[in-house]
Amino acid sequence: MKVVAKRPEALTDVRLTYCPGCLHGVAHRIIAESVDELGIKERTIGIAPVGCAVFAYRFFACDMVQVPHGRAPAVATGMRRARPGAIVFTYQGDGDLAAIGTAETVHSANRNENISVFFINNAVYGMTGGQMAPTTLPGMRATTSPYGRDVSDTGFPMRVCEMLATLEMPNYIERVSLLSPKEIVKAKKAVKKALKYTMEGRGFSFVEMISTCPTNWGLDPVSSREWARENMLPVFPPGLFKDRSAGAKPGAEKE
Amino acid sequence: MGEKILMKGNEAVAEAAIRAGCRHYFAYPITPQNELVEYMAKRMPKVNGTFLQAESELAAINMVLGAAACGVRAMTSSSSPGISLKQEGISYIAACRLPAVIVNVTRGGPGLGNIAPMMCDYFQATRGGGHGDYYTPVLCPSTVQEFADHAPLAFEIAERYLTPVLILADGLLGQMMEPVEFPEKTPVPKDQSDWCVGPWEGKRTSHHVINSLFIVPEDLEEKTRILFEVYEEIKKNEIRYETYNMESNPSLVVAAAGTAARVTKSAIDELKAEGIEVGLVRPITLWPFPSEAVAKAASGAKKMLVIELNMGQMVEDIRLAVSGACPVEFAGKAGGVVFTPEDIAALIKEKM
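Not measured: the values here are computed from a predicted model. The numbering scheme is per chain: residues are counted from 1 as the chain's sequence reads. Both sets of labels track the order of writing: A upward for chains, 1 upward for ligands. Per-residue local features of the predicted model are confined to residues with pLDDT of at least 70, and side-chain atom pairs are confined, for both listing and counting, to 80 or more; whole-chain, interface and lining totals are unaffected and use all residues. As a rule here, side-chain values come from all non-hydrogen atoms in the structure, and water together with hydrogens is ignored.

## Notes on the overall build of chain A
Strands are runs of DSSP state E lasting at least 2 residues, helices are runs of H or I lasting at least 4, and numbering of each runs from the N terminus. Within chain A one finds 10 helices and nine strands. Whereas a compact globule of 255 residues would reach a radius of gyration of roughly 18 Å, chain A reaches 17 Å, a difference of no more than 12%. Judged by the C-alpha coordinates and their principal axes, chain A covers about 50 × 50 × 35 Å. Split into buried and exposed, the 255 residues of chain A put 57% on the buried side. Every residue pair with non-hydrogen atoms within 4.5 Å of one another is taken to be in contact. Pairs at least 24 residues apart make up 68% of the contacts formed inside chain A by residues separated by at least 6 positions. Residues counted as positive are Lys and Arg, residues counted as negative are Asp and Glu, and His and the chain ends are not counted. Just so you know, the charge point we use is NZ for Lys, CZ for Arg, CG for Asp and CD for Glu. Separation between the mean location of the 31 positive side-chain charges and that of the 25 negative ones in chain A comes to 4 Å. We take the radius of gyration over the C-alpha atoms and set the globule estimate at 2.2 Å times the residue count to the 0.38 power. With a 1.4 Å probe rolled over the protein chains alone, any residue whose accessible area is under 20% of its type maximum counts as buried; one over 50% counts as exposed, and the rest are partly exposed.

Structure representation (C-alpha cells):
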C-alpha cells in the first residue's frame, strides 16, 4: 500500500483541541511539514505562547517550551544565545505578540535575533473568550468592544509587519493568509523560508498569518474565511515586506 | 584561594559568577547594581560568554528562562523595582524547575524609593515573590567576600534542586569595596541532558517539553506536591547561619542579617570591651530560614532584639521561630538610613 498522506513527523499524535474550523491546525501543520522537509526536528525548539496555542507544546514533536504571555521572543533570545545550533521558533497570537509582548517583538526584531516568529492574526483574543485585540478591526464587535471597536477611543488595528519593516536589521518579514488551499500553499513557502533562514543564521524571520476565529466571530468555518477575506485582508494586505537575504528593500511590496 | 583583589561587591559577585562557569547573563540597568551589568558587559566577551542588555527586566528574566531551559548557567541581576518586574518570570522558572541565579542589590522602597541600602524586599524574597505556591532559596551576604562566595553556591543549589536562587544583598554591599579572594575551583556542572531542550540529534529517543500549565487540578496538585518535596530537601540540607559571641551565654541576643548584622558585630565588640556580653544570630539563608538555630539562641536568652534596615519584616520569622520562649523586640530604620555601631550599642543598652 502506498502512503499518499500522513501526519508530519514533527507533530505528535495528540488530537488537536482547537475549535472546529479553526486554522491553528493548518498553521501547525505547515510548520511541522516544513520542519520535516528541512530535516531539523531534532534541532528545533518551539515556543508556545499564552492564548489558544498555549497547547502547542502538546502538538509539536520537537522540543517545546511554554512561556509567559508575550515573552516568547525574549525566551527565544536566551535559547539561541545558549544554543546557537538550535532552530528556535515562536508561535504567537495577536494579543500575545502585539499587545503584552510588543516590546519583546520589536526588540528581538531590532537585534535581528536568529529566530523564526510565526504570528497568527485573527483579530481577537480567542482563549479568553473573544475580547478586543490590538488587531481587532474598526467597528468590529468583541466582548470588550461590545458596540464595535471605536478607533477614536482604542486606536486603529496595529499592522505589525509594516511596523517591523521600518527597522533596519530584521532579515525577513512577510504576511500571508490561510483562507484557501492556494493561500495555504503560499503560506507554507513563507514558513519554510523563515525556518531555512534561521538554519542559515540569517537573523530575524517574521511570518504573519491572517487567520480566523469562527467561535468568537460567531460564524461558521466557511463564512468566517469569507469574512476574513472581505474585512481583514484590506487592513492587513498580504505581501513581502522585507527579505534582506534576497535583496528586497524595506517597505510593503505588493505582489 | 588566589590573591586578594580590592573590588566593589557588584563587581566581585559578577567575577565570581563568571569563575563559577556562568556564561549567559542578561540584565537591564538600574542603580545601585549598574557596576554588575557593566562588569559583565566588559568581561563576558573575553570569556566567550553572552552579555546582553535586555529591553526590560521582563525580557531579561525571560532570556534567563530560555538559556536555563537549554541547561546552561544563566544569571540576571537588578535592584528592588526591577526585581518586582522579574517576578512573573521567576514564578515560571520556579514552576518549570529551571536552575537560574538572580541577584537583587536592594534599594529603598516602596515605589521608586531611593538608591540607599534599605533591606526592604525581605518579604518579597522569602515568600516566593511572584504569583503561585512556591519559594526560592535566598542567600543573604554580609561582606563583599561572602557576596562573591554566594555566586558559585547559588549555582550549585540551583542545579542540585532545579530552582531559581536569589542572592539578596543591599546597596551598601553592592557599592562597598573590600578585598576579595576567589576560589580556584568552579562547581562541577550537573548533567542536565535528561530534561533540558536543545539540539539532540539522535542522542535521545523523544523530544522534551518544559511547561508550567496543568489544566487538570489533580495534575497541578501532583506537580506542586513534588515541588514541595524538593523544598523539604532544601530545608534539610541548605540552611545556613552564623552565630557570634554566643559562647558568652548572653542574656540578650540580636538577630540580624546582611549589613545590619555586620554593624551589629561591631557593636557587640564595643560592648564586650565594656564588659557587656551580647550574642548575634545571623541567618545566611533567609529561605529556608534557620528557625531551629534562632530557637536555640533564644532558649538561653532573656530577650531577643531584631535589627533590620526596614520597618520589620524578618522579625515575623524570628517570632515564629522563638515561639514565645522569650520576648522579641524590634528596631529598624527605613529610607536607607543605616545604623552605626554606636546606634546599635546604645539600643542594646536601652533594651537590656
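## Re the interface of chain A and chain B
Each partner contributes residues to the interface: chain A has 35 residues there, and chain B has 35 residues. What counts as buried area is the accessible surface, traced by a 1.4 Å probe, that two parts surrender upon association, with contributions from both included. Where chain A abuts chain B, roughly 2,800 Å² becomes buried across the two surfaces, and 63% of that area is made up of carbon and sulfur atoms. Broken down residue by residue, the surface that chain A buries against chain B is led by A:Glu42, A:Asp63 and A:Arg83, which jointly contribute 22%. The term salt bridge refers to a side-chain nitrogen of Lys or Arg lying within 4 Å of a carboxyl oxygen of Asp or Glu. The interface formed by chain A and chain B holds three salt bridges in total. B:Arg204 is the partner of A:Asp63 in a salt bridge, and the nearest nitrogen-oxygen pair spans 2.8 Å. N or O atoms closer than or at 3.5 Å make up a polar contact, with two conditions inside protein: a donor-capable atom paired with an acceptor-capable one, and, for residues adjacent in sequence, both atoms drawn from side chains. Counting every contact that joins chain A to chain B gives 17 residue pairs in polar contact (both at pLDDT 80 or more). Among the elements of the structure, β2 (63-66), α3 (72-82) and α5 (102-110) of chain A are those that each provide at least two residues to the side of chain A that touches chain B. Sorting elements by how many residues they give to the side of chain A that touches chain B places α3(A) first, with seven residues. Under the scheme applied, nonpolar residues are Ala, Val, Leu, Ile, Met, Phe, Trp, Tyr, Cys and Pro; charged residues are Asp, Glu, Lys and Arg; polar residues are all the others, including Gly. Residues belonging to the side of chain A that touches chain B are distributed by class as follows: 18 nonpolar, seven polar and 10 charged.

## Observations concerning unusual backbone geometry
Residue and element names in this part refer to chain B. Of note, the amide linkage connecting Gly109 to Pro110 takes the cis form, showing an omega dihedral of 5°. Tracing the chain through its elements places Pro110 in the loop between β5 (100-106) and α5 (122-126). Despite not being glycine, Asn48 shows a phi value in the positive range, around 55°. Structurally, Asn48 can be placed in the loop between α2 (34-43) and β3 (50-53). By relative accessible area, which is 74% here, Asn48 ends up exposed. Positive phi outside glycine occurs at Leu162, with the angle close to 55°. Residue position: Leu162 is located in the loop between α6 (144-161) and β7 (164-170).

## Things to note about the domain arrangement of chain B
Interface size is commonly expressed as the accessible surface area that is lost when the partners come together. All names here are of chain B. What marks off one domain from the next here is an automatic or database domain assignment. What the domain assignment lists for chain B is domain 1 (4-195 + 228-236) and domain 2 (242-351). Look at where the C-alpha atoms of domain 1 and domain 2 centre, and you get two points 26 Å apart. Between domain 1 and domain 2, the contact holds 32 residues from the first and 23 residues from the second. Surface buried jointly by domain 1 and domain 2 totals about 2,300 Å² across both partners, of which 59% is contributed by carbon and sulfur atoms.

## Some details on the nonpolar core
Throughout this description, the term nonpolar core refers to a set of buried Ala, Val, Leu, Ile, Met, Phe, Trp, Tyr and Cys residues connected via side-chain atoms within 4.5 Å. Within the largest apolar cluster, 146 residues are counted, with the highest numbers of intra-cluster contacts made by A:Met79, A:Phe206, B:Met75, B:Met304 and B:Ile318. The element contributing the most residues to this core is α6(B), with 10 residues. No fewer than three residues from each of domain 1 (4-195 + 228-236) and domain 2 (242-351) of chain B sit in this core. In terms of nonpolar packing, the next biggest core, distinct from the first, is built from 52 residues, A:Ala53, A:Val176, A:Cys213 and A:Trp217 among them.

## Re the packing of helix α9 (residues 258-273) of chain B against helix α12 (residues 341-351) of chain B
Residues and elements named next belong to chain B. α12 packs onto α9 with a crossing angle of 65° between their chain directions and a minimal axis gap of 8 Å. Compared by their axis directions, α9 and α12 come out roughly perpendicular. In this structure, α9 meets α12 at a crossing whose hand is right-handed. The residues of α12 that touch α9, namely those facing Ala260, Val263, Thr264, Ser266, Ala267, Glu270 and Leu271, are Pro341, Glu342, Ile344, Ala345, Ile348 and Lys349. Looking at the contact of α9 with α12 residue by residue, the class counts come to eight nonpolar, two polar and three charged. A fitted line through C-alpha atoms serves as each axis, taken over the contacting stretch for helices, and the angle formed by two N-to-C directions is quoted from 0 to 180°. Here is the rule for angles: anything less than 35 degrees is roughly parallel, anything more than 145 is roughly antiparallel, 65 through 115 is roughly perpendicular, and the remaining ranges are oblique. Crossing handedness is read from the near helix: turned anticlockwise from the far helix by less than a right angle, it gives a left-handed crossing, and turned clockwise, a right-handed one.

## Description of the side chain of B:Thr106
All names here are of chain B. Note that Thr106 resides in strand β5. At 2.7 Å, the side chain of Thr106 forms a polar contact with the backbone oxygen of Met118. Those residues in contact with Thr106, other than ones at most four positions away along the chain, are Pro32, Ser79, Ser80, Ala116, Pro117, Met118, Met119, Asp121, Leu168, Ala169, Asp170 and Gly171.

## Regarding the packing of helix α1 (residues 9-19) of chain B against α2(B)
Residues and elements named next belong to chain B. Taken N-terminus to C-terminus, the directions of α1 and α2 make an angle of 40°; their axes are 8 Å apart at the nearest point. Taken as axis vectors, α1 and α2 run oblique relative to one another. The handedness of the crossing between α1 and α2 comes out as right-handed. Contact with α1, carried on its side by Asn10, Glu11, Val13, Ala14, Glu15, Ala17 and Ile18, involves Asn34, Glu35, Leu36, Tyr39, Met40 and Arg43 of α2 and no other residues of that element. For the contact of α1 with α2, the residue count by class is seven nonpolar, two polar and four charged.

## Description of α12(B)
Looking only at α12(B), the buried set comprises B:Ile344, B:Ala345, B:Leu347, B:Ile348 and B:Lys351. For α12(B), the angular spread of the buried residues around the axis is 160°, confining them to a single face. Working note: the arc is built from the helix axis to C-beta atom directions.

## What to know about the environment of B:Val306
All names here are of chain B. By secondary structure assignment, the location of Val306 is in strand β14 (residues 303-308). Overall, the relative accessible area of 0% leaves Val306 in the buried class. Placed 24 residues apart in sequence, Val306 and Phe330 show a C-alpha to C-alpha distance of 4.7 Å. With near-sequence residues (within four places) excluded, Val306 lies in contact with Ala255, Met314, Val315, Ile318, Val328, Glu329, Phe330 and Ala331.

## Observations concerning the confidence of the model for chain A
A residue's pLDDT is the predictor's confidence in that residue, given on a scale from 0 to 100. For chain A, per-residue confidence averages 95 on the pLDDT scale, and 96% of positions sit at 70 or higher. Note on residues 250-255 of chain A: pLDDT is under 50 here. Beyond four places in sequence and across chains, it has 17 contacts.

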